[in-house]
Amino acid sequence: MHHFSYKEDDLYCEDVEVKKISDEVGTPFFLYSHATLIRHFEAFDHAFAEVPHIVSYSVKANSNLAVLRLFSQLGGGADIVSGGELFRAIKAGVDPGKIVYSGVGKREDEMEYALKEDILMFNVESHQELERLNCVAGKMGKKARVALRVNPDVDPKTHPYISTGLKQNKFGIPVREALNEYHFAASLENIQIVGVDCHIGSQLTQVQPFIDALKKVKALILELREEGIDIKYLDLGGGLGITYDEEAPPHPTEYGKAIIEEAKELDLTLVFEPGRVIVGNAGILVSKVLYTKRGEEKNFIIADAAMNDLARPSLYGSYQKVVPVRKNKEPMIVSDVVGPICESGDFLAKDRELPPFKQGDLLAVMSAGAYGFTMSSNYNSRVRAAEVMVKGDSFEVIRDRETFKDLVNGERIPDFL
Ligand SMILES: *Cc1c(COP(=O)(O)O)cnc(C)c1O
């Protein structure tokens, strides 16, 4: 459930007319609902109310400082994958004791930064990373708390680009080698083992793959305990899917029930790294129609938002629902919604039954709160869109639209030119 709905014929976000924001801010812009963000965070958090747990929100899904601040106020932590994300989380006020650091390619300076901030744990993804982390922590006279990210070889049944828990994926340590790697970790002076981690993919629409993965890591935890290696945290990653079109993913409550059932005998603190399920349907992308035209085979709606603003359709062929900001009653026509970028892959929607948009009309691309702004770029030297948050009957710009000056920031023409 989200807070984007029509009153009469006009699209609203909570109690604010989307058109009104467009009039003041210009287009394109990402628009987030404060009430939806809270609702989705709490739905997830409450699903695990009966067990000790930490919701470490996955920063890469939507890393705006205002969004991070809101979740930290609700008691959330952060799942980060870079020094830059750590910087954002700290700046937003996230408790470092609830920050977990994932990713296959952590650099030394990033490790140092995270050790300095005293984050909860590093989710270590390889033997070499473990060695390097031990070395970095040693130089700083610290002990790094770690979980090993285990690759359980489970098929998440999602898009191949966002599957991470199959043996052919680059992520984690094969579950069969994990026991050895834990023994190695235990032998390292500046490493403190605190957890086991796995994250099998994104946009999962079934509970079963999560449970399959959990069964494998559970067996590992029991083995580790038998061998005297204590585990305090079980990090089950993120990945719960949302409805973009007709998908029917489990509600967090259902997901929670199944996981608690399987994990409760382990008696440890569960850590989650949800991203999309919390922010995905809490945001939309609003764009203006620049032109419409009829090709020989197709109708095109040319919008002022493009693949640089929202990459998912062109990157994964993903479906994102497109709706008019003001409804009209004319018959639908089949159209492509495309952007101004000089690539045929630049589209937001293909072969869609849509109302006949006219020049100057506003359209909304739904479910754009996750992997929207964070995946945006300046390709074609397009300034990145503004971000806006609505709360009740008011709204605030939470990131200014970039300017041309921002585009060349840091660039230099050398003296020899
Ligand atoms: C991307 C990612 C997440 C979040 O995934 P969602 O599908 O958005 O919930 C969580 N953990 C890790 C390690 C990730 O890479």
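Remember, predicted model here, so these are calculated numbers, not experimental data.

Cut-offs applied
Residues numbered from 1 in each chain as written. Predicted model: local features only at pLDDT ≥ 70, side-chain atom pairs only at ≥ 80, totals over all residues. Heavy atoms only, no water. Near = heavy atom within 4 Å. Polar contact = N/O pair within 3.5 Å; in protein donor to acceptor, adjacent residues only side chain to side chain. Nonpolar A, V, L, I, M, F, W, Y, C, P; charged D, E, K, R; others polar. Pairing = 2+ DSSP bridges. Helix = DSSP H or I, 4+ residues; strand = E, 2+ residues; numbered from the N terminus. Salt bridge = Lys/Arg side-chain N within 4 Å of Asp/Glu carboxyl O. Buried < 20%, exposed > 50% of the residue type's maximum accessible area, 1.4 Å probe, protein only. pLDDT = per-residue confidence, 0-100. Patch = residues over 30% accessible without salt bridge, like charges linked within 9 Å, V, L, I, M, F, W, Y side chains within 5 Å. Areas by Shrake-Rupley, 256 points an atom, 1.4 Å probe, with all protein chains shown as cover.

## Let's talk about the site of the ligand
Here is step 1 of the chain: Residues in close proximity to the ligand total 15 residues, the closest being Lys-60, Ser-202, Glu-273, Arg-276 and Tyr-371.
Here is step 2 of the chain: A distance of 2.6 Å is found between an oxygen atom of the ligand and a side-chain nitrogen or oxygen belonging to Lys-60.
Here is step 3 of the chain: One nitrogen or oxygen atom from the side chain of Ser-202 is found 2.3 Å from an oxygen atom belonging to the ligand.
Here is step 4 of the chain: Across the shell around the ligand, the residue classes break down as 2 nonpolar, 8 polar and 5 charged.

## Here's the deal with the sheet that holds strand β3 (residues 16-17)
Here is step 1 of the chain: The strand order across the open sheet formed by 3 strands is β1-β2-β3, and the pairing between neighbours is antiparallel. The sheet is open, and its two borders are formed by β1 (4-7) and β3, each paired with just one other strand.

## Quick word on the pattern of salt bridges
Here is step 1 of the chain: Under the counting rule described, the total for this entry stands at 22 salt bridges.
Here is step 2 of the chain: One salt bridge connects Arg-107 with Asp-109, and the closest N-O pair in it is separated by 2.9 Å.
Here is step 3 of the chain: Across the salt bridge formed by Arg-132 and Glu-108, the nearest N and O atoms sit 3.6 Å from each other. Of this pair, Arg-132 sits in helix α6 (residues 127-139) while Glu-108 is found in helix α5 (residues 108-117), placing the two residues 24 residues apart along the sequence.
Here is step 4 of the chain: On the accessibility criterion, Arg-132 (44% relative accessible area) is partly exposed.

## With respect to the confidence of the model for the chain
Here is step 1 of the chain: The share of residues in the chain with pLDDT of 70 or more is 100%, and the mean pLDDT across the chain is 97.
Here is step 2 of the chain: Within the chain, strand β10 (residues 173-174) has the poorest average pLDDT of any element, 92, and strand β4 (residues 29-33) the best, 99.

## Focus on a nonpolar patch on the surface
Here is step 1 of the chain: A contiguous nonpolar surface patch, about 450 Å² in accessible area, is contributed by Ile-413, Phe-416 and Leu-417.
Here is step 2 of the chain: Positionally, Phe-416 belongs in the segment after α12 (404-407).

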